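Okay, here's what each chain looks like letter by letter:
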Amino acid sequence: HAKNCGKNNAKLYSSALTTQIMSHVKLEVGLRRALQHNELYLQYQPQIDVKSAQIVGVEALVRWRHPEHGIIPPNDFIPLAEETGLIVPIGEWVLRTACLQARAWQQESRRAVRVAVNLSARQFKDENLAQTVLAVLHETGLDPRLLELELTEGTLMDDARATLTTLEQLRAIGIWLSIDDFGTGYSSMNYLKRFDVRALKIDKSFICGLPQDSENAAITRAIIAMAHGLKMAVVAEGVETGEQLALLEQYGCDMAQGYLLGRPQSIDAIARMLAGAQPVLR
Ligand code: C2E
Ligand code: MG
Ligand code: MG
Ligand code: MG
């Protein structure tokens, strides 16, 4: 069957829906209050090691529980948060909350669980970013090797010199950097060489349609080969079927994330996964 790889459709649809029910101004006023009123919360999606089928990390994904409009997905308010600069305090809250949670899971489960946090371009431009990250790690006691920041290609390509400085500061702290939605943006292979990126996350638009879609299969294999050649790990996003996972395993993909392996979910659900001795799948 023709699979609906409708990432962009979904995005357009849900943005249209939110703007239908509230104006931009209202959205902005509401977002300003959301942080103070504890309306933001995180869900966590498991990342699975393909070979062992064990959970090795989680990605923190923010949601907004709006008092009137219910749950608003990040694609409907992150762009506005970026435009208004609100992403800086929101991003700091996400970082602190995720690090605190990762530390708590680590203590409960005695397993090292890496937490991945999405960083928008606007946050990356903040010259205090490295200081903020360092302060949050210090406050929460999380091992820097258990924190991963996800950047997009666009963020890295933005302003070469400032980017290099920030990346060097982050590298000195010892956290992981990965490139999100890889293959959908503009990137120069030079950047991959220079930036000490530890993982590429293959965008779900390439995973969707596997194994039938031979073009997506070729792109996926090529990204994996390139990443491994550069000593980077690979995470496949949007894995929804066992067939996709089997193919990714055959291609040597290191990690996988997607509805098949776990939806974005609550703290307790992740704690249960961590407590389970059994591998997540098989
Ligand atoms: P992303 O970082 O690429 O996150 C992956 C998105 O794909 C998530 O959507 C996740 O729920 C969804 N997803 C996971 N597995 C599957 C699957 O098997 N199939 C399909 N179709 N989708 C899957 P979500 O949570 O709506 O987040 C959307 C985007 O919003 C994220 O994309 C990220 O760019 C942004 N975002 C989320 N949280 C934050 C945050 O705290 N800060 C910033 N700056 N951006 C965030
Ligand atoms: Mg991400
Ligand atoms: Mg992504
Ligand atoms: Mg993204």
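You'll find the structure just up there.
It should be emphasised that the depicted structure is a prediction, and the values quoted were computed from it without experimental measurement.

Draft legend 1. Region of interest: the overall build of the protein chain. In terms of helices and strands, the protein chain carries 13 helices and nine strands. Considering the protein chain as a whole, with its 282 residues, one finds that 48% of them fall into the buried category. Once local pairs closer than 6 in sequence are excluded, the contacts in the protein chain between residues at least 24 apart make up 68%. Summing over all exposed atoms, the protein chain offers an accessible surface of approximately 14,000 Å²; the carbon and sulfur share of this is 51%.

Draft legend 2. Seen up close, the coordination of the magnesium ion (ligand 3). All of the protein donors around the magnesium ion (ligand 3) are D180 (OD), D181 (OD), E237 (OE) and E237 (OE); their distances to the metal are 2.0 to 2.4 Å. Mapping the donors of the magnesium ion (ligand 3) onto the primary sequence gives the spacing D-D-x55-E. The metal-metal distance between the magnesium ion (ligand 3) and the magnesium ion (ligand 2) comes to 4.3 Å, with D180 coordinating both. Separated by 57 residues along the polypeptide, D180 in strand β6 (residues 176–182) and E237 in the loop between β8 (233–236) and α12 (242–251) bring together distant segments of the chain. Each member of the pair, D180 as well as E237, is classed as buried.

Draft legend 3. How the structure looks around the packing of helix α4 (residues 87–109) against helix α6 (residues 129–140). Close contact between α4 and α6 brings their axes to 9 Å; oriented N to C, the two are set at 30°. Handedness of the α4/α6 crossing: right-handed. Contacts between α4 and α6 involve E92, L95, R96, C99, L100 and R103 from the former and T132, V133, V136, L137, E139 and T140 from the latter. Of the residues that constitute the contact of α4 with α6, the class distribution is six nonpolar, two polar and four charged.

Draft legend 4. Highlighting helix α11 (residues 214–229). Along its 16 residues, α11 runs 22 Å from first to last C-alpha, staying within 8% of the 22 Å computed at 1.5 Å per residue. Within α11, the full set of buried residues consists of N216, A217, T220, I223, I224 and A227. The arc that holds the buried residues of α11, viewed along the axis, is 130°, so those residues lie on one side. Exposed residues lying more than 90 degrees from the buried face of α11 are S214, E215, R221, A225 and G229. Residue D213 occupies the N-cap position of α11, its side-chain oxygen lying 3.0 Å from the main-chain nitrogen of E215.

Draft legend 5. Spotlight on unusual backbone geometry. A cis amide bond, omega 0°, links L210 with the succeeding residue P211. Look at D181: it is not a glycine, yet its phi comes out positive at around 55°. Inspection of the secondary structure assignment puts D181 in strand β6. Although it is not a glycine, K231 adopts a positive phi angle of roughly 65°.

What counts, and at which threshold
Residues numbered from 1 in each chain as written. Chains lettered and ligands numbered in written order. Predicted model: local features only at pLDDT ≥ 70, side-chain atom pairs only at ≥ 80, totals over all residues. Heavy atoms only, no water. Helix = DSSP H or I, 4+ residues; strand = E, 2+ residues; numbered from the N terminus. Buried < 20%, exposed > 50% of the residue type's maximum accessible area, 1.4 Å probe, protein only. Contact = heavy atoms within 4.5 Å. Areas by Shrake-Rupley, 256 points an atom, 1.4 Å probe, with all protein chains shown as cover. Donors = N, O, S within 2.8 Å, 3.2 Å for Na, K, Ca; no water. Axes fitted to C-alpha atoms, helices over the stretch in contact; angles between N-to-C directions. Left-handed = near helix turned anticlockwise from the far one by under 90°. Nonpolar A, V, L, I, M, F, W, Y, C, P; charged D, E, K, R; others polar. Expected span 1.5 Å × (residues − 1). Arc of directions from axis to C-beta. Polar contact = N/O pair within 3.5 Å; in protein donor to acceptor, adjacent residues only side chain to side chain.

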